[in-house]
Amino acid sequence: MNTDWNNGYKSRHRPLITVLDSMIVADLTRTLTAVLSVIVVIIVSRRFIRILEKAIEGAISNKTLLNILGLKMIEASIAFLPAAFFMAVLMVVGRMYRDQEMSAIFSAGGGAGSIYRSVFIMAFPLAVIATGLSFYVGPWAETVTKEMMAEDEKSADIRGIAAGRFSEYQHGDLVFYVEQIDDDDIMQQVFVQHRKGGQTAIIGAETGRFEDLEGGLYLILEQGRRVLGKPGEANYTIEEFAEYAVRLEERNRAVVLNLEAMPTKELWKNKAPSELAELHRRLSIPTGLVFLALLAVPLAQISPRGGVYGNMFVAFLIYFSYGNLTRINHSWLVKEKIPLWFGGIWVDLVLSILAVALLVRLYSWRYVLIKIQEKVKL
């Protein structure tokens, strides 16, 4: 039988997913899940402390606290997905070098191309998912967080008042005492001392409640008496009322969203540099995942003296530098120091050049060119 025909038959019937692909993808999935979980827990724990302080102060409720925690975990997972995949590729391919599995692959005719094939079988679909997460899920999570915190601020004053004790607001100018608070947040037997404009008002009412009306947050008192005057003077006024409202503070009823919460379609419509820079930031998550994976394969080769995590320190420095370059790129785009088209590619171009340099260092220019020619012929 013709040998050339045999080779052609085998190449045409090569399985789409090989055993090597399945092994590497399975290892990458397990490692990515573990690494991303650790990173998210560390990052969210630091941010959660600030949110927990607001809950202790009564600015947000316990239910909202748990919801915000979940949303922050989603945001952190999206932001650090490229870093987690970069570390996963380094750990999986590095283990293969350490366990001499790469030697067996090279002996069987495989090489860097085989490893890249297996890595990018997972990297490309993951980049598509990261695009959807970055462009749509991330802004949604940030928007919901802002809306929940704004909604909770409306009832923050109710949570800050406890029955049977005095509560101070407005730097002591407003003092409450409530004998009892019903399940529907109606206060019974309310005492209020309110200092304003050099005068002091003492108010006693049968019931009271908070309402967020046009212009701010109001305390609505019913069936009571108000005594107004200056302390130490005999000139004072006594009023009895069926209903009396005290404005506690002015509030902006609209939720102010930052650029991170702005929907992607709104960013496309506007041409402001800050909004275009935010688009590039969202796009940098899927592109960073692909180009960091491109760099991780040659970086994962461990020298005999390097130990198990011989190149992890170098990888950390590379990712730290990449993160700083991304932030510098964002700042330059906002300040219009670089063109829009160049701001979208130069950071990824740096990663690509570094990856090619590492491949040349490992395999020489001749080997890289031969492999490129083989791929072109195919």
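Residues numbered from 1 in each chain as written. Predicted model: local features only at pLDDT ≥ 70, side-chain atom pairs only at ≥ 80, totals over all residues. Heavy atoms only, no water.

Chemist: Help me understand the overall build of the protein in this model?
Modeler: The secondary structure content of the protein amounts to twelve helices and six strands. Partitioning the intrachain contacts of the protein with sequence separation of at least 6 by distance along the chain shows that 58% fall at a separation of at least 24. Only carbon and sulfur atoms are counted for the fraction: they give 60% of the accessible area of the protein, which is about 22100 Å². (Helix = DSSP H or I, 4+ residues; strand = E, 2+ residues; numbered from the N terminus. Contact = heavy atoms within 4.5 Å. Areas by Shrake-Rupley, 256 points an atom, 1.4 Å probe, with all protein chains shown as cover.)

Chemist: Help me understand the packing of aromatic side chains, please; the structure alone is not making it clear to me.
Modeler: Aromatic ring pairs are reported here in terms of the distance separating the ring centres and the angle at which the planes meet. Taken as a whole, this structure holds six aromatic pairs when the rule is applied. Joined through ring pairs, the aromatic side chains of Y116, F120 and F124 make up one cluster. (Phe/Tyr/Trp six-rings, centres within 6.5 Å; stacked < 30°, edge-to-face > 60°.)

Chemist: Help me understand the environment of D185, please; the structure alone is not making it clear to me.
Modeler: Relative to the elements of secondary structure, D185 occurs in the loop between β2 (174-181) and β3 (187-196). Using a relative accessible area of 37% as the deciding quantity, one classes D185 as partly exposed. Placed 24 residues apart in sequence, D185 and R209 show a C-alpha to C-alpha distance of 6.8 Å. (Buried < 20%, exposed > 50% of the residue type's maximum accessible area, 1.4 Å probe, protein only.)

Chemist: Please explain the packing of helix α4 (residues 81-98) against helix α10 (residues 312-334) as it appears in this structure.
Modeler: Two quantities define a packed helix pair, namely the angle between the axes and the distance from one axis to the other. Look at α4 against α10: their axes get within 11 Å of each other, and the N-to-C directions meet at 155°. Compared by their axis directions, α4 and α10 come out roughly antiparallel. Between α4 and α10 lies a crossing whose hand is right-handed. Facing A83, F86, M87, L90 and M91 of α4, the residues of α10 in contact are M312, A315 and Y319. For the contact of α4 with α10, a count of residues per class yields eight nonpolar, no polar and no charged. (Axes fitted to C-alpha atoms, helices over the stretch in contact; angles between N-to-C directions. Parallel < 35°, antiparallel > 145°, perpendicular 65-115°, else oblique. Left-handed = near helix turned anticlockwise from the far one by under 90°. Nonpolar A, V, L, I, M, F, W, Y, C, P; charged D, E, K, R; others polar.)

Chemist: Looking at this model, I keep getting lost on the pairing of strand β4 (residues 199-213). Mind explaining?
Modeler: When β3 meets β4, the two strands line up antiparallel, connected through nine bridges. Each bridged residue has a counterpart across the sheet, and for V192 the counterpart in β4 is I203. Hairpin remark: β3 followed by β4, antiparallel, with two residues in the connecting loop; positive phi at G197, about 65°. (Pairing = 2+ DSSP bridges.)

Chemist: Mind showing me how you'd approach empty space enclosed by the protein here?
Modeler: Rolled over the atoms, a probe with the dimensions of a water molecule shows which regions are left empty. In the structure shown here, the tally under the stated rule is two cavities of 30 Å³ or more. For the largest cavity, the calculated volume is near 170 Å³. Those elements that place two or more of their residues in the lining of the largest cavity are α9 (273-299), α10 and α12 (346-377). Looking at the lining of the largest cavity element by element, the count peaks at six residues for α9. Per-class residue counts for the lining of the largest cavity are six nonpolar, eight polar and two charged. (1 Å grid on protein atoms, 1.4 Å probe; cavity = no way out; pocket = protein on both sides within 12 Å on 5 of 7 lines; lining within 4 Å. Points joined across faces, edges and corners; volume = space filled by probe spheres on them.)

Chemist: Where do I start with the pattern of salt bridges in this structure?
Modeler: As a working rule, side chains carrying opposite charge can pair if their charged atoms are close by. Here the structure, examined in full by the defined rule, presents eleven salt bridges. R209 serves as the salt-bridge partner of E222, at 2.8 Å between the closest nitrogen and oxygen. Linking E222 in strand β5 (residues 216-229) with R209 in strand β4, this pair joins segments that are 13 residues apart in sequence. Of the charged contacts, one joins K269 and E266 as a salt bridge, the two residues approaching to 3.9 Å between their closest N and O atoms. Highlighted residues: K269 and E266, both in helix α8 (residues 264-269), separated by three residues, approximately one helical turn. (Salt bridge = Lys/Arg side-chain N within 4 Å of Asp/Glu carboxyl O.)

Chemist: Honestly, a nonpolar patch on the surface in this entry has me stumped. Any pointers?
Modeler: Residues F313, V314, F316, L317 and F320 make up a contiguous nonpolar surface patch of about 520 Å² in total accessible area. Its location among the elements puts V314 in helix α10. (Patch = residues over 30% accessible without salt bridge, like charges linked within 9 Å, V, L, I, M, F, W, Y side chains within 5 Å.)

Chemist: Got a minute to help me understand the layout of surface pockets in this structure?
Modeler: Of the pockets and cavities examined, the largest pocket occupies roughly 1400 Å³. As for the largest pocket, its lining consists of 37 residues, and the residues nearest its centre are R47, A79, F80, Y319 and R327. For the lining of the largest pocket, the elements supplying multiple residues, two or more each, are α2 (19-57), α3 (62-79), α4, α6 (112-154), α9 and α10. Grouping the amino acids of the lining of the largest pocket by side-chain chemistry returns 20 nonpolar, six polar and eleven charged.

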